[in-house]
Amino acid sequence: MRGGVPLVLLRGLLVVAAAHCAAPRPPKHSSRPNVVLVACDSFDGRLTFYPGNQTVDLPFINFMKRHGSVFLNAYTNSPICCPSRAAMWSGLFTHLTESWNNFKGLDPDYVTWMDLMQKHGYYTQKYGKLDYTSGHHSVSNRVEAWTRDVEFLLRQEGRPKVNLTGDRRHVRVMETDWQVTDKAVTWIKKEAVNLTQPFALYLGLNLPHPYPSPYAGENFGSSTFLTSPYWLEKVKYEAIKIPTWSSLSEMHPVDYYSSYTKNCTGEFTKQEVRSIRAFYYAMCAETDAMLGEVISALRDTDLLEKTVIMFTSDHGELAMEHRQFYKMSMYEGSSHVPLLVMGPGIKQQQQVSDVVSLVDIYPTMLDLARIPVLQNLSGYSLLPLLLEKAEDEVPLRGARPSWVLSEFHGCNVNASTYMLRIDQWKYITYLDGVSVPPQLFDLSADPDELTNVAIKFPETVQSLDKILRSIVNYPRVSSSVQNYNKRQFISWKQSLGQNYSNVIANLRWHQDWLKKPKKYENAIDRWLSQREQMN
């Protein structure tokens, strides 16, 4: 069945993988492997290992785990679409790409890892969602990011909701994703199989990103979790965990702003929360089936044993954890991404506990293709963590750092945010490190991140902040972002002329704005009259 998970197919894959996937990495001068990267949107990485994997059936992710490696601590470098993808395609941290929001990414002519692979003899092909260059997403999305320092509080999203469509035979719910998956499968079966050179294939999926909510205003918010009974039956309701919420008065000030702008500060019943999470997990199951189509096509063409397959996502999905949905947060649901790798020479049934992030994909791709890895990258090759047989060569860049960095500068958060993940600690600081209280979580003792222990462990905070400042001068970056936001808004406002008041009132925040339009325009005017921050 197209899009389903027939047992015959799974048995066939098991046999093929058992026979081929344990092969050692080819010698340096032999043929290079094909590479396939399937990158989805908004997939919580914790669903790929215990206990998160108990909530939904993900047979092809499980297949990759049995015949490859899964990373237990993989993170996005910025928990929002375009900045995260800019980091993945460039190998550089967000403050280096200056991809501050969903409107600002890489230049169209930026040299990606796929460009370099093509230059060095790979046949390259891309299908589906890319979203790493500037100029995309809605006007609302960019204006909300530019005005996050304005002293007002407006709901910018529709209230999260669920929508059940079709019946138990309805498999292809996200038709756009299935269409690009079909194209990738057709290309593998008709083109890739005849190539005399190695290939690199990229497939980008929109799922399990929530669907648009038309009632939410300009270009719609995306607050609808949509699936069919076919996929909902893959979810184990009894395993769904209802997250614990702090009271609104006890929330961290940035969390409160995020929860409010995401329209999540109202009342939600446990059944509503459980349904949102169940529908989200069902959307993840549909995503898994598309991954399975690619794996199956490689198997059917005898390419599986010659191909390294990677599966990841640009960021996660909170699914009502911490009284939020969507991403834009450093909490695990938002920042923790899946990362699985299988193929020739890759260790099987391995769980990798090292902290890694999406900037590591760029040097890994070059390493797989035997292309010299650039020295200015933020990421490090993952191959030393993956290979069955260690390489004799000593990496020119030295050892992989014991930390990962994530940062966020976009909408739904009213301060630039920086996260350092190291050992059991997650350290989150904001803006200049002084104006907004930091957060510190001990993930070994508090995996749900319910207790901020920053005050309890001041020496740890000081130590981690020192490491963070050695990586990025974050107060200076925050100031640069504030100045950028103001300049961009002024330019946009001037371009509208007399239409400004009408346009700004009817963005996604229209339901709140139109109640007191003069109040909110005046707040923006006061913000614009303030001097730019000194770098």
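The notes below deal with the structure included here. Counting restarts for each chain: residues are numbered from 1 in the order of the written sequence. Totals for whole chains, interfaces and linings use all residues, but because this is a predicted model, local features are given only for residues with pLDDT of at least 70 and pairs of side-chain atoms are given and counted only at 80 or more. To get the side-chain values, take all heavy atoms of the structure and skip hydrogens and water.

Looking now at the packing of helix α2 (residues 59-66) against helix α10 (residues 270-300). How two helices pack is summed up by the angle between their axes together with the distance between the axes. Angles here are taken between N-to-C directions and fall from 0 to 180 degrees, while the axes themselves are lines fitted to C-alpha atoms, restricted in helices to the stretch in contact. In this description a helix means any DSSP run of H or I spanning at least four residues, a strand means any run of E spanning at least two, and both kinds are numbered starting from the N terminus. α10 packs onto α2 with a crossing angle of 55° between their chain directions and a minimal axis gap of 7 Å. By the criterion of interaxial angle, the relationship of α2 to α10 is oblique. For the pair α2 and α10, the contacting residues are P59, F60, I61, F63 and M64 in the first and D288, A289, L291, G292, I295 and S296 in the second. Roughly parallel refers to an angle under 35 degrees, roughly antiparallel to one over 145, roughly perpendicular to one between 65 and 115, and oblique to any angle outside these ranges. Any two residues whose heavy atoms approach within 4.5 Å are treated as being in contact.

Every case where a carboxyl oxygen of Asp or Glu lies within 4 Å of a side-chain nitrogen of Lys or Arg is listed as a salt bridge. Enumeration over the complete set of coordinates arrives at 24 salt bridges. Notably, a salt bridge pairs R159 with E272, separated by 3.0 Å at the nearest N-O pair. Note that R159 is positioned in the loop between α6 (139-146) and β4 (161-164) and E272 in helix α10, a separation of 113 residues in sequence. Buried residues are those whose accessible area, probed at 1.4 Å on protein chains only, stays under 20% of the maximum for their type, while exposed residues exceed 50% and partly exposed ones sit between those limits. For R159, a relative accessible area of 28% puts it in the partly exposed group. Residues D360 and R400 are paired through a salt bridge, measuring 3.0 Å at the closest nitrogen-oxygen approach. With D360 in the loop between β10 (350-357) and α12 (361-368) and R400 in the loop between α13 (383-386) and β11 (403-408), this pair connects stretches of sequence that are 40 residues apart. Residue classification places D360 among the buried positions, given a relative accessible area of 3%.

Attention shifts here to unusual backbone geometry. Looking along the chain, the bond that leaves Y50 and enters P51 is cis, with omega of 0°. As for its position among the elements, P51 is in the loop between β1 (34-40) and α2. Along the chain, L207 connects to P208 via a cis peptide bond; the corresponding omega equals 0°. Here P208 is to be found in the loop between β5 (199-204) and β6 (211-213). We note that S42 has phi near 75°; this positive angle belongs to a residue other than glycine.

Counting buried residues along strand β7 (residues 221-227), 7 of its 7 residues qualify, which places the element largely inside the surrounding structure. At least two bridges found by DSSP between two strands is the condition for calling them paired. Where β6 meets β7, 2 bridges bridge the pair, whose relative direction is antiparallel. By the bridge assignment for β7, S213 is matched with G221.

This paragraph deals with the packing of aromatic side chains. The pairing test for Phe, Tyr and Trp rings, Trp by its six-membered ring, is centres within 6.5 Å, and the orientation test on the planes gives stacked under 30 degrees, edge-to-face over 60, and tilted for anything in between. Overall, the coordinates contain 27 aromatic pairs when judged by the stated rule. Centre to centre, the rings of F43 and F311 are 5.6 Å apart; their planes meet at 90°, and the pair counts as edge-to-face. With a gap of 268 residues between them, F43 in the loop between β1 and α2 and F311 in strand β8 (residues 307-313) connect regions that are remote in the sequence. Taking the relative accessible area as the measure of exposure, F43 reaches 0% and is therefore buried. Judged by its relative accessible area of 0%, F311 falls in the buried class.

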